Amino acid sequence: MMGFAFFDLNVPVTKTSSSILALTKDEVAEYEPTPCIRCGRCVEACPGNLMPQKMAQAAMHNDYDAFVKLNGMECYECGSCTFVCPARRPLTQTFKQARQYVAAQRRKK
Ligand code: SF4
Ligand code: SF4
């Protein structure tokens with residue numbers, strides 16, 4: 001549930017890699033994301049009481065101030081929101097990238 005999709009075979013396997021799933025093109029097609037239907041399941045599933053749908057919207061628009069205001073940096077990337085999303089939105093992956101970006105900007109200051 002906490003894994004991430006990689007699109008490049010040059011990603012190394014390290015000692016923290018616990019498993020690898022190699023999916024076929026057809027299997028990947030089953031998981032193509034569709035638009036958010038605002039069902040709220042991600043909100044119900046979040047153990048941190050965050051608002052994944054709004055956080056994702058902010059992150060996808062590169063609005064990192066809004067992402068931080070929505071407590072996006074408190075996300076611990078558990079994957080629950082992505083797991084329950086009927087639209088198969090890549091929520092956790094979006095948060096991981098946004099958190100890395102915000103952390104890098106903070107380090108520069
Ligand atoms: S679970 Fe998915 S479809 Fe439902 S509100 Fe959250 S992001 Fe949107
Ligand atoms: S990945 Fe982050 S936003 Fe999603 S359920 Fe876990 S803590 Fe909440």
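Just above, that's the structure.
Conventions used here
Residues numbered from 1 in each chain as written. Chains lettered and ligands numbered in written order. Predicted model: local features only at pLDDT ≥ 70, side-chain atom pairs only at ≥ 80, totals over all residues. Heavy atoms only, no water. Near = heavy atom within 4 Å. Nonpolar A, V, L, I, M, F, W, Y, C, P; charged D, E, K, R; others polar. Buried < 20%, exposed > 50% of the residue type's maximum accessible area, 1.4 Å probe, protein only. Helix = DSSP H or I, 4+ residues; strand = E, 2+ residues; numbered from the N terminus. Contact = heavy atoms within 4.5 Å. Core = buried A, V, L, I, M, F, W, Y, C linked by side-chain atoms within 4.5 Å. Salt bridge = Lys/Arg side-chain N within 4 Å of Asp/Glu carboxyl O.

Undergrad: Talk me through the site of ligand 1; I want residue IDs and the actual numbers.
TA: For ligand 1, the set of nearby residues contains 13 residues, the closest of which are Cys36, Cys39, Gly40, Cys42 and Cys85. In terms of residue class, the shell around ligand 1 is built from eight nonpolar, two polar and three charged.

Undergrad: If you had to explain helix H3 (residues 52–60) to someone new, which residues and values would you point to?
TA: Turning to H3, its buried residues number three or more, namely Pro52, Gln53, Met55, Ala56, Ala58 and Ala59. On its buried face, H3 sits against helix H2 (41–45), helix H4 (64–69), helix H5 (80–84) and helix H6 (91–108).

Undergrad: So what's going on with the environment of lysine 69? Which residues, and what values?
TA: Relative to the elements of secondary structure, lysine 69 occurs in helix H4. Judged by relative accessible area, which is 71%, lysine 69 ranks as exposed. With 54 residues separating them in the primary sequence, lysine 69 and lysine 15 have C-alpha atoms 35 Å apart.

Undergrad: Account for the nonpolar core, with residues named and values stated.
TA: Among the nonpolar cores identified, the biggest contains 17 residues, and Leu50, Met55, Phe67, Cys75, Cys81, Leu91 and Phe95 are the most heavily contacted of them. When sequence neighbours within four positions are dropped, the list of residues in contact with cysteine 81 reads Cys42, Pro52, Leu91, Thr92 and Phe95.

Undergrad: Quick rundown of the pattern of salt bridges? Include the residues and the values.
TA: Opposite charge on two side chains permits pairing when their charged atoms draw close. A complete count under the given rule lists two salt bridges for this structure. Taking the shortest distance from any N to any O, the salt bridge between lysine 96 and glutamate 77 comes out at 3.5 Å. Within this pair, whereas lysine 96 is found in helix H6, its partner glutamate 77 is found in the loop between H4 and H5, the two being separated by 19 residues in sequence. You can call lysine 96 partly exposed: its relative accessible area is 28%. Residue classification places glutamate 77 among the buried positions, given a relative accessible area of 13%. Residues glutamate 77 and arginine 99 are paired through a salt bridge, measuring 2.7 Å at the closest nitrogen-oxygen approach.

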